[in-house]
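# Per-entry structural report
Here's the letter readout for the chains.
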Amino acid sequence: MKKNIMKVNLSKDAKYNLITIAAIIVVYAMCQIMIAAGMMSYLMKGLLVPFCYYSILAVSLNLTVGILGELSLGQAGFMCIGAFASAFFSKCTINLIPNTFIRFTLAIFVGALAAAIFGMFIGVAVLRLRGDYLAIVTLAFGEIIKNVLNTIFVGYDSKGFHFSLKDAASLKLQGDGTLIINGPQGITSTPQDTNFTVSTLLLIATFIIVANLINSRSGRAIMAIRDNRIAAEAMGIDVTKFRILAFTITAALAGVAGVLYAHNISSLNATPKNFGYNMSIMILVFVVLGGIGNIRGSIIASVILTLLPEYLRFLQDYRMLIYAIVLIIMMILNWNPTCIAWRKKYSLGSIFRKKTQGEV
Amino acid sequence: MEMLSVKNLSISFGGLRAVDSFNITIQKGELYGLIGPNGAGKTTVFNLLTGVYKPDSGIIILDGENISGKSPIEINKAGIARTFQNIRLFKNLTVLDNVKTGLHNQYKYTTLAGILRLPSYYRTEKLMTEKAYDILKVFDLDKEAATLSANLPYGKQRKLEIARALATNPKLLLLDEPAAGMNPAETEELMKTITLIREKFGVTILLIEHDMKLVAGICEKIFVLNFGMELANGLPQDVLNNPEVIKAYLGE
Ligand SMILES: Nc1ncnc2c1ncn2[C@@H]1O[C@H](COP(=O)(O)OP(=O)(O)O)[C@@H](O)[C@H]1O
Ligand SMILES: [Mg+2]
């Protein structure tokens, strides 16, 4: 009886989303049990938070690539902004706001907001660009952000903030002063406020935001623009507005991933390894392999493809070669009709459906 | 009462004068036919009326409002909706969502309300779904509401495009060869549907059709375009018996 009511009230999309969230929570609980039982390796423990921020990056990029249908390679840039803005905020307020929960909550908003502002700015700047041109400009943006951050020196003392583009000495800080951003050395000793629980919660929040957006008036407008721009305009849909909206939300969520990243490590600096174009392309690979427009797939692909290189370490020099081959095989399997049919048959959703039917 | 009044509308592509001093006046509630041989400039007239192309010269007045030079978005909001000769559906959206996209400016709630699933989201979405089903029923598409629009058969795709255009609640509906690719039975059924929607939605219609006889059956007035210029304009029997028109069609 109860089950029937649930069936009537929940739409297909809502069910799909609930199952995904439930799956995330189950995996989270299993990880916690393994940690408590001492069954998780040191390596795996270190990967739990990265799983979450990579997933957030992939889900949010999928909004631009899969839902809006535009190729963006600036994801690492937005993450970088979120990371630096929030780390800067946390370092400045560490004495002011001793409560970790409040400070970190604020830091998350600071990171998201800073990245959102840049996302909106980029969205406006690339209004006339499509396809490859858009990819190139967003790629350049990411690289510029990373390089600019390597030249900035910021500190503060009793006289307020000091800023320089030359070196730390030219800030002329008083004796009581603190150096916050130290050029290429970046920001050191950021409070390590990130943990697996917060990361999981933010991943769930990201999933809900993107999933709910897709199934709403604005989401339909964004997908209409993707499917046929001219028809969308003829329906009175403000193409410019919704394009910028999608860019901004993608950037804000990438900023959140940056916040998690920055508060998970002891020293934050912008290097080609963490915020370079390789990172942006890697996230794009997660999105493509997880399925364009499929946000659940983005999460699964992020986790698998983050784990894979770690487990391929024993191959030493051949590691990246094998990794590339695995990517190609995954891509082929992903689009193979037999595999798609198989996935449909044994998907989480259908298993769930069968179970409830069996019980009734 | 005039719904649409167009004066001296012209556009050239390179040396080609695709539309040359186009003049038309359409009364409220009228069903007007725009015919002419291939390449006569019919679709270009639609593109000018909906702001896809900016005219070289001319004035377009819709229901007393000057809409010349406005963007397609503004023109849709002002009250013109259209379909396309080469179907332009939102292929990866369902039939229902295609119509709901047409309702975009009719029923509103904020993006934030959608993300946070505030009461306004549920309330408005319910109204949108009801309205969309109402429109789909007119076209006998309500049973296919959950189908991906790309998977619809061709004839139904054409109908869905009209349904989507009607969802924007237009004063003037422009239909570009709505029966193209349909068999005679489907065509006849569609023409009945078009006369029906005019009454049901109280909308004025300008319809492009290749087949002259078909237009004569349902339209009150017919405009014949040839090489971008007016060849004839008036009541169907006068236009169809016009020797110039017969020549243009036979000489094609
Ligand atoms: N964007 C354009 N650029 C160049 N020529 C165009 C363009 N659009 C239409 N034309 C030309 O204008 C003429 C009229 O085209 P069109 O309006 O599509 O004809 P119809 O719809 O009556 O068959 C054709 O010769 C076509 O090639
Ligand atoms: Mg045409």
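Residues numbered from 1 in each chain as written. Chains lettered and ligands numbered in written order. Predicted model: local features only at pLDDT ≥ 70, side-chain atom pairs only at ≥ 80, totals over all residues. Heavy atoms only, no water.

### A look at the overall build of chain A
In terms of regular secondary structure, chain A is built from 16 helices and five strands. Over its C-alpha atoms chain A spans a radius of gyration of 22 Å, differing by no more than 12% from the 21 Å that the globule rule assigns to 360 residues. Reported as C-alpha extents along the three principal axes, the dimensions of chain A are approximately 75 × 60 × 50 Å. For chain A, the residues scored as buried account for 50% of the 360 residues in total. In chain A, of all internal contacts separated by at least 6 residues, the share reaching a separation of at least 24 is 73%. Accessible area for chain A stands at about 17300 Å²; split by element, carbon and sulfur atoms hold 69% of it. Averaging the locations of the 30 positively and 14 negatively charged side chains of chain A gives two centres separated by 10 Å. (Helix = DSSP H or I, 4+ residues; strand = E, 2+ residues; numbered from the N terminus. Rg over C-alpha atoms; globule rule 2.2 N^0.38 Å. Buried < 20%, exposed > 50% of the residue type's maximum accessible area, 1.4 Å probe, protein only. Contact = heavy atoms within 4.5 Å. Areas by Shrake-Rupley, 256 points an atom, 1.4 Å probe, with all protein chains shown as cover. Lys, Arg positive; Asp, Glu negative; His and termini not counted. Charge placed at Lys NZ, Arg CZ, Asp CG, Glu CD.)

### Regarding the site of ligand 1
Residue and element names in this part refer to chain B. Within the structure, ligand 1 sits among F13, L16, A18, P37, N38, G39, A40, G41, K42, T43, T44 and Y53. Here an oxygen atom of ligand 1 sits 2.9 Å away from a polar atom, N or O, in the main chain of G41. Out of a free accessible area of 550 Å², ligand 1 has 64% covered by protein chains. Elements that contribute at least two residues to the shell around ligand 1 include exactly β2 (16–27) and α1 (42–49). The class makeup of the residues in the shell around ligand 1 is six nonpolar, five polar and one charged. (Near = heavy atom within 4 Å. Polar contact = N/O pair within 3.5 Å; in protein donor to acceptor, adjacent residues only side chain to side chain. Nonpolar A, V, L, I, M, F, W, Y, C, P; charged D, E, K, R; others polar.)

### Section: the sheet that holds strand β5 (residues 65–66) of chain B
All names here are of chain B. The antiparallel open sheet is built from four strands, whose spatial order is β2-β1-β4-β5. Of all strands in the sheet, those with a lone pairing partner are β2 and β5, marking the two edges. Its contacts with the sheet place α1 against β1 (2–13), β2 and β4 (57–62), and it is angled at close to 115° to β1. (Pairing = 2+ DSSP bridges. Axes fitted to C-alpha atoms, helices over the stretch in contact; angles between N-to-C directions.)

### Some points on the coordination of the magnesium ion (ligand 2)
For the magnesium ion (ligand 2), the full set of protein donor atoms is T43(B) (OG1) and Q85(B) (OE1), and the range of their distances to it is 2.0 to 2.1 Å. Residue T43(B) is found in helix α1, and its partner Q85(B) is found in the loop between β6 (80–82) and α3 (95–102); the two are separated by 42 residues along the sequence. (Donors = N, O, S within 2.8 Å, 3.2 Å for Na, K, Ca; no water.)

### Some details on the packing of aromatic side chains
Residues and elements named next belong to chain A. Counted under the stated rule, the structure contains 13 aromatic pairs over all chains. Between Y28 and F196 the ring centres are 5.1 Å apart and the planes differ by 40°, which places this aromatic pair in the tilted class. Of this pair, Y28 sits in helix α2 (residues 12–36) while F196 sits in helix α7 (residues 196–214); the two residues are 168 residues apart in sequence, bridging distant segments of the chain. For F196, a relative accessible area of 13% puts it in the buried group. Ring centres of Y54 and F286 lie 6.0 Å apart, and the angle between their planes is 80°; on these two criteria the pair is classed as edge-to-face. (Phe/Tyr/Trp six-rings, centres within 6.5 Å; stacked < 30°, edge-to-face > 60°.)

### With respect to the confidence of the model for chain A
Residue and element names in this part refer to chain A. The pLDDT averaged across chain A works out to 87; a share of 93% of its residues lies at or above 70. Every residue in residues 1–8 is under pLDDT 50, and counting partners more than four places away or in other chains gives six contacts. Here residues 355–360 is a poorly scored stretch, pLDDT under 50, and it has five contacts once near neighbours within four places are set aside; other chains count. (pLDDT = per-residue confidence, 0-100.)

### Section: the pattern of salt bridges
All names here are of chain A. Applying the stated rule across the entire model yields 15 salt bridges over all chains. Here E143 makes a salt bridge to K146, at a shortest N to O gap of 2.9 Å. Taken together, the positions of E143 and K146, both in helix α6 (residues 131–149) and three residues apart, correspond to about one turn of that helix. The residues E143 and K146 share a single accessibility class, namely buried. (Salt bridge = Lys/Arg side-chain N within 4 Å of Asp/Glu carboxyl O.)

### Here we look at the environment of K70(B)
All names here are of chain B. Counting through the fold element by element, K70 comes out in the loop between β5 and α2 (72–78). For K70, a relative accessible area of 26% corresponds to the partly exposed category. A sequence separation of 16 residues divides K70 from K54, and the C-alpha atoms of the two residues are 8.3 Å apart. Among all residues touching K70, those that are not within four sequence positions of it are G51, K54, E65 and I75.

### Observations regarding the packing of helix α3 (residues 42–67) of chain A against helix α10 (residues 239–262) of chain A
Residues and elements named next belong to chain A. Orientation of α3 relative to α10, taken along the N-to-C sense of each, is 175°, at an axis distance of 8 Å. When the axis of α3 is compared with that of α10, the two are roughly antiparallel. Along its contact with α3, which presents Y53, I56, L57, S60, L61, L63 and T64, the element α10 presents A246, F247, I249, T250, L253, A254, A257, L260 and Y261. Class assignment of the residues belonging to the contact of α3 with α10 gives a composition of 13 nonpolar, three polar and no charged. (Parallel < 35°, antiparallel > 145°, perpendicular 65-115°, else oblique.)

### Considerations on unusual backbone geometry
All names here are of chain B. Even without being glycine, S21 reaches a positive phi, approximately 45°. Relative to the assigned elements, S21 resides in strand β2. Unusually for a residue other than glycine, D63 sits at a positive phi of about 50°. Following the sequence through the fold, D63 ends up in the loop between β4 and β5. Here D63 falls in the partly exposed class, since its relative accessible area comes to 27%.

### With respect to the side chain of T111(B)
Within the element layout of this structure, T111(B) appears in helix α4 (residues 111–116). Among residues more than four places away in sequence, those in contact with T111(B) are L213(A), S218(A) and L245(A).

### Observations regarding the interface of chain B and chain A
Listed by partner, the interface residues are 31 residues for chain B and 27 residues for chain A. For the pair chain B and chain A, the summed buried area comes to about 2500 Å², and 60% of that belongs to carbon and sulfur atoms. With a closest N to O distance of 3.0 Å, R220(A) and E125(B) form a salt bridge. Scanning the region where chain B abuts chain A turns up 15 residue pairs in polar contact (both at pLDDT 80 or more). (Buried area = accessible area lost by both parts, 1.4 Å probe.)

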